[in-house]
Every structure is written in structure tokens, then in C-alpha cells.
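Residue-level structure breakdown
Chain residues, written in single-letter form:
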Amino acid sequence: MTEVNRQTFYKKLVVTGLAFTLVGSGTLGFHSLNFTGEPTVASAAAETYTATANLNIRSGPSTSNAIIATVKQGTQLTVIGQAASGWLKVSYQGKTGYVSSEYVKKSASSTTKTYVTTANLNIRSGPSTSSAIVVTVKQGAQLTSTEQAANGWLKVSYQGKTGYVSTQYVKESTGSSEPAPAPAASVYVATANLNVRTTASTAGAVMATLKAGTQLDVTAKAANGWMKITYQGKVGYVSGQYVRALAGMKVVSNPESIQVVVNKQNKLPENYVPKDLVYTTIPFTFKEQTEKKKMRSEAAAAIAQLFAGAKKQGVTLLGVSAYRSHATQSALFSSYVQRDGYDKAATYSALPGTSEHETGLGIDVTKGDGTCAAQDCFGGTKEATWLDAHAAEYGFIIRYPKGKDAVTGYKYEPWHLRYVGKPVAQAIKSKGITLEEYYGIK
């Protein structure tokens, strides 16, 4: 067989998916075909292609791979990579797979471009100032487009919305799309519920949606306002508009220590779970047997003694909330962000991983009638006064004392107790200092 005929024969095998078995030494050069394994895919800017026939999207670059979707002729596909074997890696309706390049063609003017607004700007439903306003964006906002401007208007995408803007108030971004290394010292968090996309554009398929407060593993920063991250072993992109760098944040090395310091600069390892959580025996403001009734075993025994000691002196207390899992803290913080915005929420609620409740050593308490639970009105009550005077006798401190906001990062919370053991608690109480000041750390 001539080389030309051999290449033609191989191409037909790939397209038609003809299955057969070769016996012998492989005189047809069958070893040169790569039907198994992930190909070397060249990274490419996201481009739009059109299917020229009804077409199978497969899990790998071969007709021997499973079909994950079938699309009709004329369907638009987003190409995110090219394989040398004549297959293209595509994204379609949130799924990633491969199609034969023989049955697709590049759509006209399909390259995604990024634009920056030069003024506060209305995005409209049509190419005219008489069209309805879809959304108003601020000067400096990033817009994407896959179309050419016409009659002074440009069709754009912004945060999942599509509309038209006047070209008079946008300019094409000239920054390189190649990501630059991200500073290694910073911890990044999402400041809103955030989509992780397959490409650095809102045109990329959504891989996952992360809750506000989620820590991000940023590996690079792109000049067009996007950040490259790793999420569950996969590479994706998020808009830098909804990401905050927390300079100086450190992960504690002793999360199991009774004296561990967890605050806005010192966080627990991701998804940390204490090993010795047990249900406390104290009464709570609710009856359900949930995680909020748990504490680490030593702290659980100590809080029972504290409640009993208070009772003997005529002070009745109830538990409000003890342990919170990482998932619970994430949901709680996210709900506060949705209600009040990230910056305000961070003044009274802890980012996931930085809450003392996640250590299993902290607990919120209140009066025996259940009123003023985690509220300012608890301060000044006889219960709050008793705790301030006697908590250290049982190994607890008022974790966020009055007048120490600048040190602890939180306002006065007379209801929030933290177990540190009797020697440390009594030393902190006698000196009128905080846990941070006792250890000389921030």
C-alpha cells in the first residue's frame, strides 16, 4: 500500500469508526494511530464552530469512545482545544468532549474579544438608545464579544447577560491574555456566589458555582480581569471582580491544640474536622440533636461544669450554638453576603475556615428564658456578668471582650465563650487581655 493510500485508509477508519482486529506484525502501520488515552491538546482561545452535519460529541478523541451528546447540524460549539489527530476539544451545554474536525467549520467572526468600558454604560436589549436597558455597568467593566461592531453598536456579554452597547464608550482590551503568576503569599476568597468557567470569559461553560467566602486556589492572574484557579483537580477561570486577596492569611499548624488561635489572619486547614467531637449534656434553646450541640470532648465536659456551677449560684444558661462544620459556616457566611454584601458580612461573621465554632472549642450561650440569644441585649444581664466573672474558673474566656475590636477583629460578644483550659483562661482573665495578646500574635 502506498503512503498516500495508507493515510487515506487511516482517515476513513477514524471517521467511520470501523472496528476490526489485526493479527500479525502490524504491516499496515496500525500502531501509528492513537485511539486510546488523552491526546496532547493545544490550548486555544475559545472559538465558536458550527456543526455541518448531525454530530456525536464523544468522551475521547476517537469513534471508539462513548457518546456523551448528539447535536444537530447547525449547532454552535465552543472549541477550547485542538488535537493533532484531527479532533477538536469542545464545550457544549456544560459538557466537555471531542468532535471530528471534518464535520465542523469555524463560525464567522467567532473569536472572543474583551472590551473595557470607558464610562458608566447602559447595556440595551437592541442596537439603539430606544431599546430597553438590560443592565448598567460601571466604567472599567469587562465585556466580551464574538461579533463585529455594526452601525456603531456592539453585541456583548456581561455576567451572563447579553445586549448591545455603543462603541463610543468601549475600547478593546490590549492586555495580554496570558496569565501572570499569582502572588504565592495571598489567600483568595470569593466575595459573591461565583461561577467557575472553562475559559477566561463569560462565554465559557460553567464548571461549578462556588459560595461566597469559598477559598480559591488561584494559580495565575490574567490581564483581562480573570483568574486561573484549580478546583477539585480541574483548571478553571473566575472573574477577578468577585475575588478578594487576603494578605497575610496563614493556615494554622496546630488545629488540634486546645489553645489554637483562629481569627481573620489564622485559618484552619481546608475542611478541618475535630477528631473528638461529642454531644454536650447541657440544655439548648432547641431540642433537635444537631451538630450545634457538639463540642470537643474536653470542652464538652467543661461547659457542663460551668452550667452546673452557674445553676448553683442562681444563674440559668442555655446553649445557642457550639460546633459548626465547614459546610455550615460556608452556607451561613454566604447567606449574610447575599443579604448585606461581602464587606459588611465580614465585620460580624467569620469566613469559612476562620470561625472558632469550627474548632469545636467555642460556644454561644444565652439566658435561661432563651431571650437575647447572640444579641447585644445579652450584655449587662446578670448572666453576662456572671460569665465575665466566673468563666475562667472552668477554662473559658470571653473570646471577644469589650474594647478589643481592633485586636480580635470582632465587636464585643459577651455570649461567645472559648475553651482554652484553666491555666490559660485564668491568666488571660487576670491580665485583662485577649487570646491574641496572650500569645503575642495577630
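Time to look at the overall build of the chain. Along the backbone of the chain there are eight helices and 30 strands. Burial status across the chain gives 45% buried among its 442 residues. Long-range contacts, defined as pairs at least 24 residues apart, comprise 59% of the intrachain contacts of the chain with a sequence gap of at least 6. Accessible area for the chain stands at about 22000 Å²; split by element, carbon and sulfur atoms hold 51% of it.

What follows covers the environment of Gln142. Turning to its location among the elements, Gln142 is positioned in strand β11 (residues 142-145). Gln142 sits 97 residues away from Ser239 along the chain, and the two C-alpha atoms are 9.4 Å apart. The contact partners of Gln142, leaving out residues within four places of it in the chain, are Thr114, Tyr115, Val116, Tyr158 and Asn224.

Let us look at the state of the cysteines. As enumerated under the stated definition, the model contains one disulfide in all. Across a sulfur-sulfur distance of 2.1 Å, Cys372 and Cys377 are joined as a disulfide pair. Residues Cys372 and Cys377 share a disulfide whose torsion about the S-S bond is about -125 degrees; that sign makes it left-handed. Accessibility expressed as a relative area gives 15% for Cys372, which makes it buried.

Quick look at the pattern of salt bridges now. Scanning the entire structure with this criterion turns up eleven salt bridges. A salt bridge links Arg339 to Asp340, with the nearest nitrogen and oxygen atoms 3.1 Å apart. Relative accessible area serves as the criterion here: at 56%, Arg339 is assigned to the exposed category. Between Lys429 and Asp388 there is a salt bridge; the shortest N-O distance is 3.5 Å.

Attention now goes to helix α2 (residues 297-312). With 16 residues, α2 ought to run about 22 Å at 1.5 Å a step, and its terminal C-alpha atoms sit 23 Å apart, in line with that. Those residues of α2 that sit buried are Ala299, Ala300, Ala302, Ile303, Leu306, Phe307, Gly309 and Ala310.

Among the nonpolar cores identified, the biggest contains 35 residues, and Met295, Ile303, Leu306, Ile363, Leu387, Phe396 and Leu417 are the most heavily contacted of them. Elements with a contribution of two residues or more to this core: α2, β28 (362-367), α5 (382-390), β29 (396-400) and β30 (413-419). No other element matches α2, which puts seven residues into this core. Ile363 has contacts with Ile282, Phe284, Met295, Ile303, Ser321, Ala322, His357, Trp415, His416 and Leu417, leaving out every residue within four places of it along the chain.

Below, the discussion takes up the pairing of strand β8 (residues 113-117). Of all five residues that make up β8, four are buried, and the element is covered over most of its length. When β8 meets strand β14 (residues 170-172), the two strands line up antiparallel, connected through three bridges. Its bridge partner lying in β14, Thr117 is registered against Val170.

The next subject is the packing of aromatic side chains. For any pair of aromatic rings, the description rests on two quantities: the centre-to-centre distance and the angle between the ring planes. Considering all chains together, one arrives at seven aromatic pairs under this definition. A ring pair is formed by Tyr438 and Tyr439, whose centres lie 4.9 Å apart and whose planes are at 90 degrees; its orientation type is edge-to-face. Tyr438 gets classed as partly exposed once you look at its relative accessible area, which sits at 30%. The ring of Tyr410 has Lys264 sitting right over it, with the charged end atom 4.6 Å from the ring centre. Residue placement shows Lys292 over the ring face of Phe286; its charged tip is 4.7 Å from the ring centre.

So, on to the confidence of the model for the chain. Of all residues in the chain, 82% attain a pLDDT of 70 or more, and the chain-wide mean is 81. The model gives residues 1-44 a pLDDT under 50, and that stretch makes 48 contacts with residues more than four places away or in other chains.

On to the side chain of Ser349, then. With respect to the element layout, Ser349 can be found in the loop between α4 (342-348) and β28. On the accessibility criterion, Ser349 (6% relative accessible area) is buried.

Taking burial as the measure, the five residues of β29 include five buried ones, the bulk of the element. With four bridges connecting them, β29 and β30 associate as antiparallel partners. The residue of β30 that forms the bridge with Ile397 is Arg418.

The grouping of Tyr438, Tyr439 and Ile441 at the surface amounts to a nonpolar patch, some 240 Å² of accessible area in total. By secondary structure assignment, the location of Tyr438 is in helix α8 (residues 435-439).

Attention now goes to the side chain of Arg296. Relative to the assigned elements, Arg296 resides in strand β26 (residues 294-296). Assessed through its relative accessible area of 7%, Arg296 is described here as buried. Residue contacts for Arg296: discarding those within four places in its chain leaves Pro255, Glu256, Ser257, Ile258, Tyr272, Pro274, Asp276, Leu277, Val278, Thr359, Gly360 and Leu361.

Right, let's get into the environment of Val262. Assignment of secondary structure puts Val262 in the loop between β23 (250-251) and β24 (266-267). On the accessibility criterion, Val262 (1% relative accessible area) is buried. A C-alpha to C-alpha distance of 9.4 Å links Val262 and Glu358, two positions 96 residues apart in sequence. When residues no more than four places from it in sequence are discounted, the contact partners of Val262 are Leu268, Gly353, Thr354, Ser355, Glu356, Thr359 and Arg399.

So, how was this worked out
Residues numbered from 1 in each chain as written. Predicted model: local features only at pLDDT ≥ 70, side-chain atom pairs only at ≥ 80, totals over all residues. Heavy atoms only, no water. Helix = DSSP H or I, 4+ residues; strand = E, 2+ residues; numbered from the N terminus. Buried < 20%, exposed > 50% of the residue type's maximum accessible area, 1.4 Å probe, protein only. Contact = heavy atoms within 4.5 Å. Areas by Shrake-Rupley, 256 points an atom, 1.4 Å probe, with all protein chains shown as cover. Disulfide = S-S within 2.5 Å. Salt bridge = Lys/Arg side-chain N within 4 Å of Asp/Glu carboxyl O. Expected span 1.5 Å × (residues − 1). Core = buried A, V, L, I, M, F, W, Y, C linked by side-chain atoms within 4.5 Å. Pairing = 2+ DSSP bridges. Phe/Tyr/Trp six-rings, centres within 6.5 Å; stacked < 30°, edge-to-face > 60°. Lys NZ or Arg CZ within 6 Å of the ring centre and 35° of its normal. pLDDT = per-residue confidence, 0-100. Patch = residues over 30% accessible without salt bridge, like charges linked within 9 Å, V, L, I, M, F, W, Y side chains within 5 Å.

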